[in-house]
Amino acid sequence: MKPVSAQEAVAMIPDRATIMVGGFMGIGTPERLLDELVRQKKDALTLISNDGAVPGRGVGKLFDAGLVSTMIACHVGLNPKVQEQMTAKKIAVDLVPQGTLLERIRAGGHGLGGVLMPTGIGTAVEDGKPQVQLDGKNFLLETALRSDFALIHAFQADHLGNLSYALTTRKFNPVMAMAANTVIVTAEHIVPAGVIAPDHVATPAPHVDYLIVNR
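Residues numbered from 1 in each chain as written. Predicted model: local features only at pLDDT ≥ 70, side-chain atom pairs only at ≥ 80, totals over all residues. Heavy atoms only, no water.

(A) Structural detail: a nonpolar patch on the surface. Taken together, Leu116, Leu134 and Leu141 make up a surface patch of nonpolar side chains, about 220 Å² in accessible area. Positionally, Leu141 belongs in strand β8 (residues 137–143). A relative accessible area of 35% places Leu141 in the partly exposed class. (Patch = residues over 30% accessible without salt bridge, like charges linked within 9 Å, V, L, I, M, F, W, Y side chains within 5 Å. Areas by Shrake-Rupley, 256 points an atom, 1.4 Å probe, with all protein chains shown as cover. Salt bridge = Lys/Arg side-chain N within 4 Å of Asp/Glu carboxyl O. Helix = DSSP H or I, 4+ residues; strand = E, 2+ residues; numbered from the N terminus. Buried < 20%, exposed > 50% of the residue type's maximum accessible area, 1.4 Å probe, protein only.)

(B) Quick peek at helix α4 (residues 80–87). Put simply, Asn79 is the residue that caps the front of α4, since its side-chain oxygen is 2.9 Å from the backbone nitrogen of Lys81. Positive backbone phi, at 60 degrees, marks Lys89, one or two positions downstream of α4. (Polar contact = N/O pair within 3.5 Å; in protein donor to acceptor, adjacent residues only side chain to side chain.)

(C) Representation of the side chain of Ser164. Looking at the secondary structure, you find Ser164 in strand β10 (residues 163–164). Ignoring sequence-local partners within four residues, the contact set of Ser164 consists of Ala154, Phe155, Gln156, Ile196 and His200. (Contact = heavy atoms within 4.5 Å.)

(D) Main features of helix α2 (residues 31–40). Among all positions of α2, only Leu33, Leu34, Glu36 and Leu37 are buried. Seen along its axis, α2 keeps its buried residues to an arc of 160 degrees; they face one direction. As for α2, its buried residues are in contact with α1 (6–11), β2 (18–21), α3 (60–64), β9 (147–158), β11 (180–191) and β12 (210–212). (Arc of directions from axis to C-beta.)

In structure tokens, the structure reads:
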């Protein structure tokens, strides 16, 4: 794990990169990294996140700046900017059931090709997807998701890169930290190694590539 500034970290992200961004409606989202993505005008990004947040907050900042070309998410209902860009066909949006999205990311982090999910059978979600029948029940074969970069926010990080999360911010951040080629982390508190109890470490240090220094 290497400590870097937000500017240095985002400079490594090219245009047209695929990024996962942790958080839920802007809670548990690495705001400093998103601000820097906007400042550096990283363009044509493929964004994998739980949602579109709201204008001016979380990943909503990326839509405010028009930096997203494709989004894979659970819902966009609270961000009119995403809806407008989707309706105008300025961005492609793949809406995925929340549990399915989480499991696809988890599969990517564990080296699996995909997962079998019952959610979506008999709906538009099943269009174009292989189906598998087990014990008389139909399942959709949902492919794994990985990304070039994961932008993660933790409550605590130690100097080795071990991470712990607070409450619901643990929802997507830990699985995304396992499913990206490069993991960049911001944290509320950076503490000496050993301060985070071993059973409170949700993301072990080997998964973390860069930690944004607090200044």
